[in-house]
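# Coordinate inspection notes
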Amino acid sequence: LVALSMPDYTRFAATQRVHLIGQAVGVPLALVGSAFAGLAAVAAGLAVYGEPVRDPIILLVHIGSPVAAIAGACLVLLAQATTNVAASMVAAGNAFSSLAPRRIGFVAAAILAALLAPLVMPWHVYGGGASQVLTILAAFAGLLGAVAGILAADYWVVRGRVLDVRELYAPRGRYHYTGGWNVRALLALALAIAPALPGLVRALAAPAGVVARPGIFDHIHHAAWFVTSALGFVLHIVLARPEQ
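As a starting point, this report considers the structure included with it.

Reading the values: rules and limits
- Residues numbered from 1 in each chain as written.
- Predicted model: local features only at pLDDT ≥ 70, side-chain atom pairs only at ≥ 80, totals over all residues.
- Heavy atoms only, no water.
- Helix = DSSP H or I, 4+ residues; strand = E, 2+ residues; numbered from the N terminus.
- Buried < 20%, exposed > 50% of the residue type's maximum accessible area, 1.4 Å probe, protein only.
- Contact = heavy atoms within 4.5 Å.
- Areas by Shrake-Rupley, 256 points an atom, 1.4 Å probe, with all protein chains shown as cover.
- Axes fitted to C-alpha atoms, helices over the stretch in contact; angles between N-to-C directions.
- Parallel < 35°, antiparallel > 145°, perpendicular 65-115°, else oblique.
- Left-handed = near helix turned anticlockwise from the far one by under 90°.
- Nonpolar A, V, L, I, M, F, W, Y, C, P; charged D, E, K, R; others polar.
- Phe/Tyr/Trp six-rings, centres within 6.5 Å; stacked < 30°, edge-to-face > 60°.
- Patch = residues over 30% accessible without salt bridge, like charges linked within 9 Å, V, L, I, M, F, W, Y side chains within 5 Å.
- Salt bridge = Lys/Arg side-chain N within 4 Å of Asp/Glu carboxyl O.
- Core = buried A, V, L, I, M, F, W, Y, C linked by side-chain atoms within 4.5 Å.
- Expected span 1.5 Å × (residues − 1).
- Bend = angle between axes of the 7 residues up to and from the residue.
- 1 Å grid on protein atoms, 1.4 Å probe; cavity = no way out; pocket = protein on both sides within 12 Å on 5 of 7 lines; lining within 4 Å.
- Points joined across faces, edges and corners; volume = space filled by probe spheres on them.

## Here we look at the overall build of the protein chain
Across its full length, the protein chain carries 12 helices and zero strands. What you see in the protein chain, going N to C, is helices and strands ordered as α-α-α-α-α-α-α-α-α-α-α-α. Dimensions along the principal axes, computed over C-alpha positions, put the protein chain at roughly 65 × 50 × 35 Å. Looking at the protein chain residue by residue over its 244 residues, the buried ones come to 23%. Partitioning the contacts of the protein chain with sequence separation of at least 6, the portion at a separation of at least 24 is 57%. In the structure as shown, the protein chain presents an accessible area of about 16,500 Å², 73% of it carried by carbon and sulfur atoms.

## Section: the packing of helix α4 (residues 66-99) against helix α5 (residues 106-116)
Relative to each other, α4 and α5 sit at 110°, their axes nearing to 8 Å. On the basis of their axis angle, the class for α4 and α5 is roughly perpendicular. For the element pair α4 and α5, the recorded crossing hand is right-handed. Of α5, the residues touching α4 (which contributes Met 89, Val 90, Ala 92, Gly 93, Asn 94, Phe 96 and Ser 97) are Phe 106, Ala 109, Ala 110, Leu 112, Ala 113, Ala 114 and Leu 116. Tallied by class, residues from the contact of α4 with α5 come to 11 nonpolar, three polar and no charged.

## Details of the packing of aromatic side chains
Within this structure, the stated rule accounts for two aromatic pairs. Look at Tyr 155 and Trp 156: their rings are 5.5 Å apart centre to centre, the planes differ by 85°, and that puts the pair in the edge-to-face class. Overall, Trp 156 belongs to the partly exposed group, its relative accessible area being 42%. With 5.5 Å between their ring centres and 80° between their planes, Trp 225 and Phe 226 make a pair best called edge-to-face.

## Topic: a nonpolar patch on the surface
Together, Leu 20, Trp 156, Val 157, Phe 233, Val 234, Ile 237 and Val 238 make up an exposed nonpolar region whose accessible area comes to about 610 Å². Elements with a contribution of two residues or more to the nonpolar patch: α7 (133-158) and α12 (224-239). Ranked by the residues each element gives to the nonpolar patch, the list is headed by α12, at four residues. Turning to its location among the elements, Val 157 is positioned in helix α7. Residue Val 157 is classed as partly exposed on the basis of its relative accessible area of 42%.

## Points about the side chain of His 221
Locating His 221 in the fold gives a position in helix α11 (residues 216-222). When its relative accessible area of 3% is taken as the criterion, His 221 is described as buried. When residues no more than four places from it in sequence are discounted, the contact partners of His 221 are Thr 135, Ala 138, Ala 196, Gly 199, Leu 200 and Ala 203.

## Thoughts on the nonpolar core
Nonpolar side chains tend to gather and get buried jointly when the protein is soluble and globular. In terms of nonpolar packing, the biggest core is built from six residues, these being Ala 146, Ile 150, Ala 185, Ala 188, Leu 189 and Ala 192. Contributing elements (two or more residues each) for this core: α7 and α9 (183-193). Per-element tally for this core: the top contributor is α9, with four residues. Ignoring sequence-local partners within four residues, the contact set of Ala 192 consists of Ala 146, Thr 228, Leu 231, Gly 232 and Leu 235.

## Comments concerning α4
With 34 residues, α4 extends 46 Å between its outermost C-alpha atoms, agreeing within 8% with the 50 Å of an ideal straight helix rising 1.5 Å per residue. Taking the largest bend as the criterion, α4 deviates by roughly 50°, centred on Val 85. Within the span of α4, buried status applies to Gly 72, Ala 87, Met 89, Val 90, Gly 93, Asn 94 and Ser 97.

## Observations concerning the layout of surface pockets
The volume enclosed by the second largest pocket comes to roughly 240 Å³. Taken together, 16 residues form the lining of the second largest pocket, with Tyr 177, Asn 182, Arg 184, Ala 240 and Arg 241 sitting closest to its centre. If you list the elements that add at least two residues to the lining of the second largest pocket, you get α7 and α9. Here the residues of the lining of the second largest pocket are counted per class, giving seven nonpolar, three polar and six charged.

As structure tokens, this is what we get:
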């Protein structure tokens, strides 16, 4: 989610150097650090209680100390207010705000997104032994990977890192393409995600997304972000018209 919301953060970067340092240093360190903290907590629960405890709330219950429970609950609340809001609400808040920017500010839009979030019923996606959350995340990864590859190719290769900012906002400018749609980029997107679709269909049909006898398309589905981003990058270069 942090990667998905990255454009919402980096547009405030003063220079491209600051932008690159933030993504090349800040994001990997933060993700590796949080992953290590989760693995360390699960390993500690396995060593102390004889079973891996993945839910921090359940781990607090196992500890049984009122002081630890209160301190842990405060940390969980702090994490919800800082990490989850930053990761989940920024993109949604900007999207709702963009619908009517003169009437809906970012704060109101983020609150609206939070109020509408229960309608998605995430507990059905994540909960239970038949959870398909990893399958759904892989589907998102495949789609967003292709988009990321196309964007990178378009900016770095096709346009040579040159954008006409005024034309971006011109109703009939150079970026209007065909009725407002870049058909060549959409074709690259469709072709890039195509190899990941058979594995996705098989995963959705399997219990908990686990295919009994995985084949080549199942492996592509599991590595969807890497496959589709690489394909999107190459296909967009091949299909796009070079900038004049």
